[in-house]
Amino acid sequence: MSKPDITLYYAPLTRAIRPRWVMEEMGIPYTLERPEFVHGRVGGDAFKSVNPLQKIPAMRDGDTLMLESLAMMQYLAGRYGPTELVVMPDEPDYARYLEWLHFGEATMVMANSLMLAHTILLPEDKRNPDLARWAKAEFDKQAALICERGLGGREWLAGDRLTLADMSVVYMLLLVKLVKQFDSVPDELKAYFRRVTALDSWKRASAD
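How each quantity is defined
- Residues numbered from 1 in each chain as written.
- Predicted model: local features only at pLDDT ≥ 70, side-chain atom pairs only at ≥ 80, totals over all residues.
- Heavy atoms only, no water.
- Axes fitted to C-alpha atoms, helices over the stretch in contact; angles between N-to-C directions.
- Helix = DSSP H or I, 4+ residues; strand = E, 2+ residues; numbered from the N terminus.
- Parallel < 35°, antiparallel > 145°, perpendicular 65-115°, else oblique.
- Left-handed = near helix turned anticlockwise from the far one by under 90°.
- Contact = heavy atoms within 4.5 Å.
- Buried < 20%, exposed > 50% of the residue type's maximum accessible area, 1.4 Å probe, protein only.
- Polar contact = N/O pair within 3.5 Å; in protein donor to acceptor, adjacent residues only side chain to side chain.
- Phe/Tyr/Trp six-rings, centres within 6.5 Å; stacked < 30°, edge-to-face > 60°.
- Lys NZ or Arg CZ within 6 Å of the ring centre and 35° of its normal.
- Salt bridge = Lys/Arg side-chain N within 4 Å of Asp/Glu carboxyl O.
- Core = buried A, V, L, I, M, F, W, Y, C linked by side-chain atoms within 4.5 Å.
- Expected span 1.5 Å × (residues − 1).

A. Main features of the packing of helix H5 (residues 109-121) against helix H7 (residues 164-178). Axis separation between H5 and H7 bottoms out at 10 Å; the angle between their running directions is 25°. In terms of their interaxial angle, H5 and H7 are classed as roughly parallel. For the pair H5 and H7, the sense of crossing is left-handed. When H5 is examined against H7, the residues Val109, Asn112, Met115 and Leu116 are found in contact with a partner set consisting of Met172, Leu175 and Val176.

B. Expanded view of the side chain of asparagine 51. Positionally, asparagine 51 belongs in the loop between helix H2 (44-48) and strand S3 (58-61). Taking the relative accessible area as the measure of exposure, asparagine 51 reaches 3% and is therefore buried. At a separation of 2.9 Å, a polar atom in the side chain of asparagine 51 contacts the main-chain amide nitrogen of leucine 53. Reaching out from asparagine 51, the side chain makes a polar contact with the backbone oxygen of lysine 55 at a distance of 3.0 Å. With residues up to four places along the chain from it excluded, the contact list for asparagine 51 reads Pro57 and Leu67.

C. Quick look at the packing of aromatic side chains. Under the defined criterion, the tally for this structure stands at four aromatic pairs. Ring geometry for tyrosine 9 against phenylalanine 47: centres 5.6 Å apart, planes inclined by 50°, an arrangement best described as tilted. Taken together, the residues span a long stretch of sequence, with tyrosine 9 in strand S1 (residues 6-9) and phenylalanine 47 in helix H2 at a distance of 38 residues. There is no split in this pair, since tyrosine 9 and phenylalanine 47 are both buried. Between tryptophan 21 and tryptophan 202, the aromatic rings sit 4.8 Å apart at their centres with planes inclined by 75°, giving edge-to-face as the arrangement. One end of the pair, tryptophan 21, is in helix H1 (residues 17-26); the other, tryptophan 202, is in helix H9 (residues 200-206), with 181 residues separating them in the sequence. Seen from the ring of tyrosine 10, arginine 20 lies directly overhead, with NZ or CZ sitting 4.8 Å from the centre.

D. Inspection of the side chain of serine 69 at higher detail. In this structure, serine 69 sits in helix H3 (residues 69-80). The buried category is assigned to serine 69, whose relative accessible area is 4%. Those residues in contact with serine 69 that lie beyond four places of it in its chain are Arg15, Arg18, Pro19 and Pro57.

E. Inspection of the pattern of salt bridges at higher detail. For the coordinates displayed, the defined rule picks out 14 salt bridges. The partner of aspartate 208 in a salt bridge is arginine 20, with the nearest N and O atoms 2.7 Å apart. Placement of the pair is aspartate 208 in the segment after H9 and arginine 20 in helix H1, with a sequence separation of 188 residues. Looking at aspartate 208, the relative accessible area reads 37%, which means it is partly exposed. Using a relative accessible area of 7% as the deciding quantity, one classes arginine 20 as buried. Here arginine 204 makes a salt bridge to glutamate 24, at a shortest N to O gap of 2.7 Å. One end of the pair, arginine 204, is in helix H9; the other, glutamate 24, is in helix H1, and 180 residues separate them in sequence. A cluster of three or more residues bridged by salt bridges with shared partners is formed by Arg15, Arg18 and Glu105.

F. Focus on the nonpolar core. Residues Leu76, Ile146, Leu164, Leu173 and Leu189 are the most contacted members of the largest nonpolar core, which totals 67 residues. In terms of residue count, H7 provides more of this core than any other element does, eleven residues in total. Setting aside residues no more than four positions away along its own chain, leucine 173 makes contact with Met108, Phe139, Ile146, Phe182, Leu189, Tyr192 and Phe193.

G. Representation of H3. For H3, which comprises twelve residues, the first-to-last C-alpha distance of 16 Å matches the rise-based estimate of 16 Å (1.5 Å per residue) to within 8%. Burial in H3 covers these residues: Ser69, Leu70, Met72, Met73, Tyr75, Leu76, Ala77 and Tyr80. Buried positions along H3 lie against S1, H1, S3, strand S4 (64-66), helix H4 (94-106) and H7.

That is the geometry; function is a separate question.
Quick look at the structure:
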């Protein structure tokens, strides 16, 4: 197998934390590229050749270019594993691992995006308080589901260890915390978030 030749296009608090976290946990060497983070025009014209949507993250590994954070996580774990971050098909928690891995984007993204948009991202005169309240109510349902169906007394979402599923979900919880909507979540979810974000690999991935 060829050695990693990875450049991660990165900005703090973005989904670039996810692949960076995987690389920190697995000990994969990488280089950070930090395009100028201007809302709606990240990196200027130069970055358009990397990601025409001008969104972060993007990741190169040699000639391979990727633009989706969950796909990057799976790529890194698959190409540079084996790793305990993946629950394998012959393990009992394989199905729940896949479910929670994708829950972090497929289910959580709409409420999360609307909360962000209508609390801090949009100009105040463009914010809709009703949408913000609806999004918070949807997130509260999701938080309850994570506690009841995902954790239910477990330390981790799958496999009795940190996996890509935790990395997917915890990043979305970080965004909720950033918009100060996290205080009302169940204590079990707060404890889970504290436990995961106390890991050295998370601290390194999210420090700057």
